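Letter by letter, the chains look like this.
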Amino acid sequence: MSRKTNIENPFLYGKVVTGKYFVNREKERQEIAREIEQHTNIILYSPRRYGKTSLVLQTFIDLSLKHKDFSALIVDFYTITSKEKFLLRLADEYGKNAGLTLEKLIRHFKTFLTGIVPIITVDAMGNPRVEIQMTPGQMPLIFEQIVNLPQKLAETGKLVAVFFDEFQETHHFNGQNFQKELRAIIQHHSHVSYIFSGSKHHLFETMFENPENPLYRIGKRMELGKIPLENYLPFLTQNLKKVHPQFTEKQGEEIYAQANGIPYYVQMLAHEVFNLAVLKPRAKPEELIHQAVNDILDNKSEEFGFIFEHLNRSERLTLEMLIKKDGQGLFKKDNQYILAPSTIKKALTNLQQKGIIERRGNRYHFQDIFFERWLRQHL
Ligand SMILES: Nc1ncnc2c1ncn2[C@@H]1O[C@H](COP(=O)(O)OP(=O)(O)OP(=O)(O)O)[C@@H](O)[C@H]1O
Ligand SMILES: [Mg+2]
């Protein structure tokens, strides 16, 4: 085994990236940090996989290096299916940040949640979890007490941020009511910054941009874009050069362009190219990029075939139209696919709900650029 094969791949994807794996986003990190320091709420949008979660967690790391009393409470709504689970999660996060030992946490909850029995369980990893038994009648009181915890933490002099990731998922548990109750309490939290983050564009947008909704303009709106090429290039080129000296900026640009600049796909492609570069030191960089793209398509072809098989006829035809028409002008008269406008409309809605496409402005984009490529090859 050559020495090079032991080199760790610097391009991570499919998980949250921070620290040495995190690329740039200097401006956004500073902006979010500044808003947190000023206790401003933030509404953070982006299409899927642009790097919202990583950006916020990296900013939390930045802040904890700067302020020794910084506290971050993190709630990922993808894993939360009910209001009760939300409360437990928030209480748990509070416990961690308040520096309460398990014993103290129990005592703490007993005194402040009068008449309610906290139950402590231990999860598979041996970590203690607090559970609270409650009847529906007790819910409003408990809700208020627990949702007020971040402000309590701030009153002890800490700088507090609460990260509500994938917030659009709250529509599953009686969304508007939940949002109304939440707003009623957190609007008084003058010393806490709430970050609402989400990707399902239409759903998320309605929550914060429609004046009839309770969370209308609760915070400063930030739309996260791609990482600009010039900010990505040094990371791409320098890391690839380490294992294959023939790599130059030209190939960094090529990887970025092939992945359409979407961080997740840039990382995925760069990850493959890096592995191939280690295995084939004599191959030309362009060949390695070409092979990496094909390998990814090969690996994913079964998954893509499965997705396609499970679409109905009008969804498939609509995808075909999107490919041919570059994502726009589907309702023009020259529609040779003989689909009624109402059928196209329904198919577009379904495809968005399935997370296959997404609308930005008057154009539809594929969420997975490799799926789009695969379709181009197969249709
Ligand atoms: N700043 C970055 N540096 C390096 N890679 C990044 C960066 N931002 C995003 N990525 C890449 O994109 C992937 C997705 O990032 P992340 O999960 O943070 O995005 P997200 O917008 O929260 O996605 P989702 O919509 O799925 O929740 C990461 O696994 C990583 O490969
Ligand atoms: Mg995320």
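Chains are numbered independently. Their residues run from 1 in the order of the written sequence. Each chain takes a letter, starting from A, and each ligand takes a number, starting from 1, following the order in which they are written. Totals for whole chains, interfaces and linings use every residue, but because this is a predicted model, local features are given only for residues with pLDDT of at least 70 and side-chain atom pairs only at 80 or more, for both listing and counting. Working from all heavy atoms in the structure, the side-chain values ignore hydrogens and water.

### Observations regarding the packing of helix H9 (residues 229-243) against helix H10 (residues 249-258)
Here is step 1: Interhelical geometry of H9 versus H10 gives an angle of 120° and a closest axis separation of 8 Å. As summarised for this structure, H9 and H10 are arranged oblique, according to the angle between their axes. The two elements H9 and H10 cross, and the hand of that crossing is right-handed. On the side of H9, the interface is formed by Leu-229, Tyr-232, Leu-233, Leu-236, Thr-237 and Leu-240, while H10 contributes Glu-249, Gly-252, Glu-253, Ile-255 and Tyr-256.
Here is step 2: For this classification, Asp, Glu, Lys and Arg are treated as charged, while Ala, Val, Leu, Ile, Met, Phe, Trp, Tyr, Cys and Pro are nonpolar and the rest, including Gly, are polar. For the contact of H9 with H10, the class distribution of residues is 7 nonpolar, 2 polar and 2 charged. With axes taken as lines fitted to C-alpha atoms, and helix axes fitted only over the stretch in contact, angles between N-to-C directions fall between 0 and 180 degrees. Numbering of helices and strands runs from the N terminus; a helix is a DSSP stretch of H or I covering at least four residues, while a strand is a stretch of E covering at least two. Roughly parallel covers angles under 35 degrees, roughly antiparallel covers those over 145, roughly perpendicular covers 65 to 115, and oblique covers all other angles. If you view the pair so one helix is near and one far, a crossing is left-handed when the near helix is turned anticlockwise from the far one by less than a right angle, and right-handed when it is turned clockwise. By definition, residues are in contact when any of their heavy atoms lie within 4.5 Å.

### Some remarks on the packing of H10 against helix H11 (residues 263-279)
Here is step 1: Look at H10 against H11: their axes get within 8 Å of each other, and the N-to-C directions meet at 130°. Between H10 and H11, the angle falls in the class oblique. Two packed elements cross with a definite hand, and for H10 against H11 that hand is right-handed. From H10, Ile-255, Tyr-256 and Gln-258 reach across to H11, where they touch Val-266, Leu-269, Ala-270 and Val-273.
Here is step 2: Here the residues of the contact of H10 with H11 are counted per class, giving 6 nonpolar, 1 polar and no charged.

### Here we look at the sheet that holds strand E5 (residues 159-165)
Here is step 1: For two strands to be treated as a pair, DSSP must find no fewer than two bridges joining them. Taken in spatial order, the 5 strands make up an open sheet running E2-E5-E6-E1-E7, and their pairing is parallel. Each edge of the sheet is formed by a strand with only one pairing partner; in this case those strands are strand E2 (70-76) and strand E7 (220-223). When the angles between neighbouring strand axes are averaged without regard to direction, this sheet yields 20°.
Here is step 2: Direction of pairing for strand E1 (residues 42-45) relative to E7: parallel, over a ladder of 4 bridges. Bridging across to E7, Ile-43 finds its partner in Arg-221.
Here is step 3: Seen against the sheet, helix H3 (residues 83-97) touches E2 and E5 and runs at an angle of roughly 160° to E2.
Here is step 4: Running over the sheet, helix H8 (residues 201-209) touches E1, strand E6 (192-198) and E7 and is turned about 160° from E1.

### Observations concerning the side chain of Ser-314
Here is step 1: Topologically, Ser-314 is positioned in helix H13 (residues 313-324).
Here is step 2: Residue burial is assigned from relative accessible area. The probe radius is 1.4 Å, only protein chains are included, and a residue is buried under 20% of its type maximum, exposed over 50%, and partly exposed in between. On the accessibility criterion, Ser-314 (16% relative accessible area) is buried.
Here is step 3: A polar atom in the side chain of Ser-314 sits 3.2 Å from the side chain of Asn-312. Here a polar contact is taken to be a pair of N or O atoms separated by no more than 3.5 Å, where protein atoms must pair a possible hydrogen donor with a possible acceptor and residues adjacent in sequence count only if both atoms sit in side chains.

Interpretation in functional terms is not warranted from these geometric data alone.
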